[in-house]
Amino acid sequence: MTYKVLALKWRPKNFNEVVGQKHIIKLLINSLFLNKIHHSYLFSGTRGVGKTTLARLLAKGLNCYVNNIGIPCNNCNNCKEIEKGYFIDLIEIDAASKTRVEDTLDLLSGIKYMPVKGKYKIYLIDEVHMLSRHSFNALLKTLEEPPQHVKFLFATSDINKLPSTILSRCLQLHLKCINVKNISDRLKFILKSENIKIDNKSLDLISRSANGSMRDALSLTDQAIALGNNKISFNSISEMIGIINIEQPILIIEFLIKKDIINLMKEISKCAIYGIDWDSLLKEILKILHYIAMKKILKDNFIHNLEFNKDIINRIINISKNCSGKNIQNYYKIIITGRKNLLYYPEQRIGVEIILLQIIQFN
């Protein structure tokens, strides 16, 4: 039997399965329920946050036979065919491979014909910013006043490359990066359904490493499952990803405050074994320092970061009590200056060690 990757197997089949985009989902469901449908939608956001998925779900909702409350049924022929990718009235185009104006004109030549099976003929253009200037010009008039039976759905990961003339003709929906907690909750549900065990530490590491992308999180999970022979362990994930575990920057900061050079260098050696990106380590330290500074200033009024578990939050609170605000600001300045010069050191590891030793010398 052919294995299906998690990102495809668990692609949302309904609006309530989409992670972390409540504002967009509410808007789309209300639009379908009230039958107030715009003629062109533009979904923007970084990779893996659900742009194409939401566009397909909207296409389902528009052409579902039994859709009465803005939610596709997933049981009628139209829903099933859209799900499988061969619905005749949903024309999907990858703009990265169809950039020429001739491709756009060919696409628009069939726009006057009525849909065959659905209520609407839907054009879904992915990575629309890749179209040429002449292609955008060819779209303008049709996009402003399309036939009643036509809807345009655009998806882009770089909205700044789109002409303002196109933007003004679309209903713009910007998708946010998905926070760590939402990614973690979704992964926990998926892995439980797949009968694969994972501890909270490993789950947190994968969720943070995804950088707000649900697709990246599922791809990392696929790798971890294969590496661990259907089991997921923290050590194998750390070795595979080669990036920062939240424990490392906090430990480094704690050693800096204590001036514990021996343990500090041991931690740097552990980082080297995992093959981490040294600039990423400095960025993570800066993030923690920012959180410590805000906690110190706002005290009990500061809202705790949902990305951190209780143990991490308590350690950060303890650091904020034992380190002066002036010192935290100076640590921040030293690291920022050091990052600018990181490429000039013989090795980046040497650069990181020198930067951290400068902090201890400052103390």
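Refer to the preceding data block for the structure.
Calculation criteria
- Residues numbered from 1 in each chain as written.
- Predicted model: local features only at pLDDT ≥ 70, side-chain atom pairs only at ≥ 80, totals over all residues.
- Heavy atoms only, no water.
- Helix = DSSP H or I, 4+ residues; strand = E, 2+ residues; numbered from the N terminus.
- Buried < 20%, exposed > 50% of the residue type's maximum accessible area, 1.4 Å probe, protein only.
- Contact = heavy atoms within 4.5 Å.
- Lys, Arg positive; Asp, Glu negative; His and termini not counted.
- Charge placed at Lys NZ, Arg CZ, Asp CG, Glu CD.
- Pairing = 2+ DSSP bridges.
- Axes fitted to C-alpha atoms, helices over the stretch in contact; angles between N-to-C directions.
- Patch = residues over 30% accessible without salt bridge, like charges linked within 9 Å, V, L, I, M, F, W, Y side chains within 5 Å.
- Areas by Shrake-Rupley, 256 points an atom, 1.4 Å probe, with all protein chains shown as cover.
- Salt bridge = Lys/Arg side-chain N within 4 Å of Asp/Glu carboxyl O.
- Core = buried A, V, L, I, M, F, W, Y, C linked by side-chain atoms within 4.5 Å.
- Disulfide = S-S within 2.5 Å.
- Phe/Tyr/Trp six-rings, centres within 6.5 Å; stacked < 30°, edge-to-face > 60°.
- Parallel < 35°, antiparallel > 145°, perpendicular 65-115°, else oblique.
- Left-handed = near helix turned anticlockwise from the far one by under 90°.

*Asks:* Please clarify how the overall build of the protein chain should be interpreted in this entry.
*Replies:* Scanning the protein chain for helices and strands turns up 17 helices and five strands. Scored against the burial criterion, the 363 residues of the protein chain give a buried share of 49%. Excluding contacts between residues fewer than 6 apart, the proportion of contacts in the protein chain whose partners are at least 24 apart in sequence is 75%. Computing the positive centroid from 51 side-chain charges and the negative centroid from 33, the protein chain places the two 5 Å apart.

*Asks:* Got a minute to help me understand the sheet that holds strand E1 (residues 40-44) in this structure?
*Replies:* Strand-to-strand pairing in sheets goes through backbone hydrogen bonds, with the strands running parallel or antiparallel. Taken together, the five strands give an open sheet; going across it, the order is E2-E3-E4-E1-E5, and neighbouring strands pair in parallel fashion. For this open sheet the edge positions go to strand E2 (90-94) and strand E5 (171-174), each flanked by a neighbour on one side alone. Ignoring which end each strand starts from, the neighbouring axes of this sheet average 15 degrees apart. Relative to E5, E1 is paired through four bridges, and the arrangement is parallel. Bridge pairing in E5 links Ser44 to His174. Each of E1 and E5 is contacted by helix H2 (residues 22-34), which is oriented at about 145 degrees to E5, the strand it contacts most.

*Asks:* Sorry, what's going on with unusual backbone geometry here?
*Replies:* Most peptide bonds adopt trans geometry, and most residues besides glycine take a negative phi value. Residues other than glycine seldom take positive phi values, yet Asn211 does so here, at roughly 55 degrees. With respect to the secondary-structure elements, Asn211 resides in the loop between helix H9 (200-209) and helix H10 (214-227). Positive phi, close to 60 degrees, is recorded for Lys259, a residue that is not glycine. The topology assignment puts Lys259 in the loop between helix H12 (247-258) and helix H13 (261-273).

*Asks:* Is there a simple way to think about a nonpolar patch on the surface in this case?
*Replies:* On the surface, Ile261, Ile350, Ile354 and Leu357 cluster together into a nonpolar patch covering about 270 Å² of accessible area. Among the elements that line the nonpolar patch, the one with the most residues is helix H17 (residues 348-362), at three residues. Relative to the elements of secondary structure, Leu357 occurs in helix H17. Given a relative accessible area of 33%, Leu357 falls into the partly exposed group.

*Asks:* It is not clear to me how the nonpolar core should be interpreted in this structure. Could you clarify?
*Replies:* One broad rule of soluble globular proteins: the nonpolar side chains tend to lie buried together. Membership of the largest hydrophobic core comes to 37 residues, with the highest contact counts inside it found for Leu281 and Leu356. Formed by 25 residues, the second largest nonpolar core is a distinct cluster that contains Tyr41, Val49, Ala55 and Leu62.

*Asks:* Teacher, can you tell me more about the pattern of salt bridges here?
*Replies:* When the charged atoms of two side chains with opposite charge come close together, those side chains can pair. Evaluated as defined, the whole model comprises 14 salt bridges. As a salt-bridge pair, Arg47 and Asp216 come within 2.7 Å of each other at their nearest N and O atoms. Taken together, the residues Arg47 in the loop between E1 and helix H3 (51-63) and Asp216 in helix H10 connect sequence positions 169 residues apart. Arg47 sits in the partly exposed class, given a relative accessible area of 38%.

*Asks:* Got a minute to help me understand the side chain of Ser320 in this structure?
*Replies:* Here Ser320 is to be found in helix H15 (residues 310-322). Residue contacts for Ser320: discarding those within four places in its chain leaves Ile292, Lys295 and Lys296.

*Asks:* Can you walk me through the state of the cysteines in this structure?
*Replies:* Disulfide: a covalent bond connecting the sulfur atoms of a pair of cysteines. This structure, assessed with the given rule, holds zero disulfides. The closest cysteine sulfur to the non-disulfide-bonded Cys79 is located on Cys76, 3.6 Å from its own sulfur.

*Asks:* Just to check I follow, could you spell out the packing of aromatic side chains for this structure?
*Replies:* Per the stated rule, a full pass over the model turns up four aromatic pairs. Taking the centre distance of 6.5 Å and the plane angle of 20 degrees together, the rings of Tyr41 and Phe43 count as stacked. What makes Tyr41 buried here is its relative accessible area of 1%. Given the relative accessible area of 0%, Phe43 is considered buried.

*Asks:* Would you explain the environment of Phe136 in this entry?
*Replies:* Following the sequence through the fold, Phe136 ends up in helix H6 (residues 133-144). Exposure remark for Phe136: the relative accessible area of 5% places this residue in the buried category. Those residues within four positions of Phe136 in sequence are excluded, and the remaining contacts are Val128, His129, Leu131, Leu162, Pro163 and Ile166.

*Asks:* Help me understand the packing of H2 against H3 in this model?
*Replies:* A pair of packed helices can be characterised by two numbers: the angle between their axes and the separation between those axes. Two elements in contact, H2 and H3, have axes separated by 10 Å at closest approach and are oriented at 15 degrees. With respect to H3, the element H2 is oriented roughly parallel. Classified by chirality, the crossing of H3 by H2 is right-handed. Residues Ile24, Ile25, Leu28 and Leu32 of H2 touch H3, and the partners they reach there are Leu54, Leu58, Gly61 and Leu62.

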